[in-house]
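Summary of structural features
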Amino acid sequence: MDAISPPETLRTVKSAVEMKAARNKDKPFLHYRNQVISYAELDRNADAIATKLRAQGVEKGDTVCLFMYNCPEYIFVFFALAKIGAVAAPIDTRFRGETLVYVLTQSDATTIFIDAKTRPEYESVTASVPNITREYLIDETGTDHPYRKFDTLLEDDSMSTPTTAVEPSDPLAVIYVQRNATEQPKGVVLPHYSYINTGWEACENLFDFTEDDRIFTTLPLYSSFTFHLGVIGTLLADAEFVLAGQFDPSRFWEQIESSDATVFLYLSRMLSVLYNQDEKPTNGETPIELAIGHSFGFTTDEEMFRTLEERFDITILEGYGVTPATIVTYNCPDDRRLGSVGKEASYVDLEIVDGDDWPVSPGETGEIVVRPTEPHTMMQGYYNQPEATTEAVRNQWLHTGGIGYKDDDGYLHFVANRDNSIYRGRIDGRISSLEIESVIDAHPGVRQSSVVGVTNEAGSEEIKAFVVPEADADITPIDICKRCERQLPYLKVPRYIEIREEFPRSPSGKIRKQELKAEGTVNAWDRKSGYELSR
């Protein structure tokens, strides 16, 4: 791949939206439900919001929280903040209680945008976030509320658009990510150029987006993947972006066909859900050409992908990325290896290292570490957390927390995130706890499982599975063990299994795996105490 960098005239999101509006004018940019927003309308709305916010005291460098579900207003506000040099803080809509309070206060924001769905969660914590004094509500029907109405920001007046000098290195967003349920989220500070660079990488260097493409997603806009690759990639390609609500497998192919989408973005287990559906697209065909997303880290991916590609006549391009580094690796249409997550992006230097940060040999599993080959393409640090930044970027490498290996041809194979992996020793390396959980969760009598590693006398980890059954289900540890034995390699079959009624959870609903690990093997069924595997 011949690396192509964005031109010097296109280095900030402010300049990008203005240049593209001037070029494309009334061409559709955004499709949402029955709304169609042109490039020119996008720019006008962003200008109007920027003007009003600036007049109301939002300055360059100020943080503004976006606690909303997918909607056009989300994108309008984001681009408006880019125009005045303010910093957007997209908030995960799953954050609740003390986690939400922490993010809203740690961000130092004085302004927030909420919608009718997030309003109850926000109102449950407002007493604990006195720093926020300017609140806007996006609500199509409600009139009885104490908030500023979003529509007033779009009202036309004679005020001129503020002229703010914005540099490629200026912060554009602080995105709060939570690696596990036992730690508070960290705010990843990303500059303007990281958005431009990633969008350019997607449309020019990796996937060859064109102005004829329609890029569809149900993924949340608070995800850096959605905004970097989807929104900005669409903008820079002069293409069209189709935004939907939360993923609904029963309506997915109908949405694809009605929107005439050529590309869709996926995360997590979306493909697995579609794979397990019996139904096909409504007319047996689909306009989709590419499915672009992230690895599951499961050994079954390759077989599943081949089946999906044949069934729906699509090409699946799997990659790996983390918020601090945006895109790390990707398969391309003309350079792809199923089962891998591709090769490094043009601006990424990547290594696999051991626990002491020494590089390991091809085929050996270790932590994925990266560093930029161009300035302002990755995170500037964690917001107001210099010690956490130093820990993450040590020995001149950004430690992603991802576990994987490179094959002899340089393709990266992703195993799991460190917090969702189990260390089975130097020879066997790390394995994905999510893969084991997916096998257990597919049992009809299981409500949910959680798999952790418990340290043994050799310094590696044994596998322990915690299982919460469905109501009135009669499940024993032997039932779970036999299921795992049939569907997993011996190395991944849990040694310890515990049936329980519930899991410890964080305020945002995540299972506190560290608490489960701390319980050790007390009260657990032990496969090595009288049970013989049948293989």
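For the structure itself, consult the block above.
Residue positions within a chain follow its written sequence, with the count starting from 1. Only residues with pLDDT of at least 70 get local features here, since the model is predicted, and only at 80 or more are side-chain atom pairs given and counted; chain-wide, interface and lining totals rely on the full set of residues. Neither water nor hydrogens contribute to the side-chain values; these are computed over all heavy atoms in the structure.

Once that is clear, we can look at the overall build of the protein chain. Within the protein chain, the regular secondary structure consists of 14 helices and 28 strands. Here the C-alpha radius of gyration of the protein chain, 24 Å, is about what a compact globule of 535 residues would show, namely 24 Å. Counting only C-alpha atoms, the protein chain reaches 80 × 55 × 50 Å along its principal axes. When accessible area is computed with a 1.4 Å probe and restricted to protein chains, residues below 20% of their type maximum are described as buried, those above 50% as exposed, and intermediate ones as partly exposed. Considering the protein chain as a whole, with its 535 residues, one finds that 58% of them fall into the buried category. For accessible areas, the Shrake-Rupley method is used with a probe of radius 1.4 Å. Any residue's cover is judged against the shown protein chains and nothing else. Carbon and sulfur atoms form 44% of the exposed surface of the protein chain, whose accessible area is close to 22800 Å². Side-chain charges of the protein chain comprise 53 positive and 86 negative groups, with the mean position of each set lying 3 Å from the other. A run of H or I in DSSP counts as a helix once it spans at least four residues, and a run of E counts as a strand once it spans at least two, with each numbered from the N terminus. Atoms counted for the radius of gyration: C-alpha only. Globule rule: 2.2 Å times the number of residues to the power 0.38. Only four residue types enter the charge count, namely Lys and Arg as positive and Asp and Glu as negative; His and the chain termini do not. By convention, charge coordinates are those of NZ in Lys, CZ in Arg, CG in Asp, or CD in Glu.

Moving on to the environment of Leu 221. Tracing the backbone shows Leu 221 in the loop between β10 (214-217) and α7 (224-237). Taking the C-alpha atoms as reference points, Leu 221 and Ala 524, 303 residues apart in sequence, are found 41 Å from one another. With sequence-adjacent residues up to four places away left out, Leu 221 is seen in contact with Asn 70, Cys 71, Tyr 74, Ile 75, Thr 226, Phe 227, Val 231 and Leu 243. Contact between two residues is taken to exist if any of their heavy atoms lie within 4.5 Å; hydrogens are not considered.

One finds Ile 75, Phe 79, Tyr 195, Phe 207, Phe 209, Leu 229 and Phe 264 to be the most contacted residues of the largest nonpolar core, which totals 115 residues. Per element, the largest residue contribution to this core is ten residues, and it comes from helix α3 (residues 72-84). The residues touching Phe 209, leaving out its near neighbours within four places in the chain, are Ala 202, Cys 203, Ile 215, Leu 229, Gly 233, Ala 237, Val 263 and Ile 292. Buried Ala, Val, Leu, Ile, Met, Phe, Trp, Tyr and Cys residues that are joined via side-chain atoms within 4.5 Å together make up what is termed a nonpolar core. By size, the runner-up hydrophobic cluster in this structure holds 22 residues, among which are Val 87, Phe 95, Ile 112 and Val 129.

The subject of this paragraph is α7. The terminal C-alpha atoms of α7 lie 18 Å apart, and with 14 residues this matches the ideal 20 Å at 1.5 Å per residue to within 8%. The element α7 is largely enclosed, with a buried count of 14 among its 14 residues. Its side-chain oxygen placed 3.2 Å from the backbone nitrogen of Phe 225, Ser 223 serves as the N-cap of α7. In the segment just after α7, Asp 238 is the residue with positive phi, at about 60°. Here the expected span of a helix is defined as 1.5 Å times the quantity of residues minus one. Within 3.5 Å is the distance limit for a polar contact, defined as a pair of N or O atoms, with the added protein rule that one can donate a hydrogen and the other accept it, and that residues adjacent in sequence qualify only through two side-chain atoms.

With that out of the way, let us pick up the pattern of salt bridges. In what follows, salt bridge is the name for a side-chain nitrogen of Lys or Arg lying within 4 Å of a carboxyl oxygen of Asp or Glu. Counted according to the given criterion, the structure contains 29 salt bridges. Glu 435 is the salt-bridge partner of Lys 492, the closest N and O atoms lying 2.8 Å from each other. Taken together, the positions of Lys 492 in the loop between α13 (477-487) and β27 (496-499) and Glu 435 in helix α12 (residues 433-441) put the pair 57 residues apart, joining distant regions of the chain. Here Lys 492 falls in the buried class, since its relative accessible area comes to 10%. A single salt-bridge network, built from bridges that share partners, covers Lys 14, Glu 18, Asp 43, Asp 47 and Lys 83.

Only the six-membered ring of Trp is used, alongside the rings of Phe and Tyr, when aromatic pairs are assigned; centres must lie within 6.5 Å, and planes under 30 degrees apart are stacked while those over 60 apart are edge-to-face, with the rest tilted. For the structure on display, the rule yields 18 aromatic pairs. Here the aromatic rings of Tyr 195 and Phe 227 are separated by 6.4 Å at their centres, their planes lie at 75°, and the arrangement is edge-to-face. Here the residue Tyr 195 occupies a position in helix α6 (residues 192-206), and Phe 227 occupies one in helix α7, the gap between them amounting to 32 residues. By relative accessible area, which is 1% here, Tyr 195 ends up buried.

Contact geometry for helix α1 (residues 13-24) and α7: axes closest at 9 Å, N-to-C directions at 45°. Taken together, the axis directions place α1 and α7 in an arrangement best described as oblique. In the crossing of α1 with α7, the sense of the turn from one axis to the other is left-handed. Residues Val 13, Ala 16, Val 17 and Lys 20 of α1 form the contact with α7, whose participating residues are Ile 232, Leu 235 and Leu 236. Comment: axis = line fitted to C-alpha atoms, over the contacting stretch for helices; angle = value between 0 and 180 degrees taken between N-to-C directions. Any angle that is under 35 degrees is reported as roughly parallel, and any over 145 degrees as roughly antiparallel; angles of 65 to 115 degrees are reported as roughly perpendicular and all others as oblique. Crossing handedness follows the turn of the near helix against the far one: under a right angle anticlockwise gives a left-handed crossing, and clockwise gives a right-handed one.

Our focus in this paragraph is the sheet that holds strand β25 (residues 446-455). In a beta sheet, neighbouring strands pair by backbone hydrogen bonds and run either parallel or antiparallel. A pair of strands is treated as paired once DSSP finds two or more bridges between them. Read from one edge of the open sheet, four strands run β25-β26-β27-β28, paired in mixed fashion. Each edge of the open sheet is held by one strand with a lone partner, namely β25 and β28 (525-526). Summarising the sheet, β25 and strand β26 (residues 461-469) pair through nine bridges and their orientation is antiparallel. Of the residues in β26, the one forming a bridge with Ser 450 is Phe 466. Contacting β25 and β26, α12 crosses the sheet at an angle of about 145° to β25.

The next thing to look at is the side chain of Glu 498. Mapped onto the elements, Glu 498 comes out in strand β27. When residues no more than four places from it in sequence are discounted, the contact partners of Glu 498 are Lys 464, Ala 465, Phe 466, Val 467, Glu 519, Val 522, Asn 523 and Ala 524.

Further remarks concern the side chain of Ser 38. Along the chain, the position of Ser 38 falls in strand β2 (residues 35-38). In this structure Ser 38 touches Lys 25, Asp 26, Lys 27, Pro 28 and Phe 29, once residues within four positions along its chain are discounted.

Turning next to the pairing of strand β9 (residues 186-191). Judged by how many residues are buried, β9 sits mostly within the fold: six of six residues are covered. Burial along β9 is two-sided: Lys 186, Val 188 and Leu 190 facing one way and Gly 187, Val 189 and Pro 191 facing the other are all buried. Pairing of strand β8 (residues 171-177) with β9 involves six bridges; the strand directions are antiparallel. Residue Val 177 lies in a different strand from β9, and its bridge partner there is Lys 186. Both β9 and strand β19 (residues 381-382) contribute to a ladder of two bridges, which runs antiparallel. By the bridge assignment for β19, Val 188 is matched with Tyr 382.

The next subject is α3. Here α3 contains 13 residues, and its C-alpha end-to-end distance of 19 Å stays within 8% of the 18 Å for a straight helix at 1.5 Å per residue. Counting buried residues along α3, 13 of its 13 residues qualify, which places the element largely inside the surrounding structure. One or two steps after α3, the chain reaches Gly 85, where phi turns positive at roughly 75°.

This paragraph deals with the environment of Ile 499. Along the polypeptide, Ile 499 turns up in strand β27. A C-alpha to C-alpha distance of 6.0 Å links Ile 499 and Phe 466, two positions 33 residues apart in sequence. The residues contacting Ile 499, other than those within four sequence positions of it, are Val 467, Pro 469, Ile 475, Thr 476 and Pro 477.

Spatially, β2-β1-β11-β10-β12-β13-β14-β15-β16 is the arrangement adopted by the nine strands of the open sheet, whose pairing is mixed. Of all the strands in the sheet, just β2 and β16 (343-344) have a single pairing partner and so form its edges. Relative to β16, strand β15 (residues 326-330) is paired through two bridges, and the arrangement is antiparallel. Directly across from Thr 329, in β16, lies its bridge partner Glu 344.

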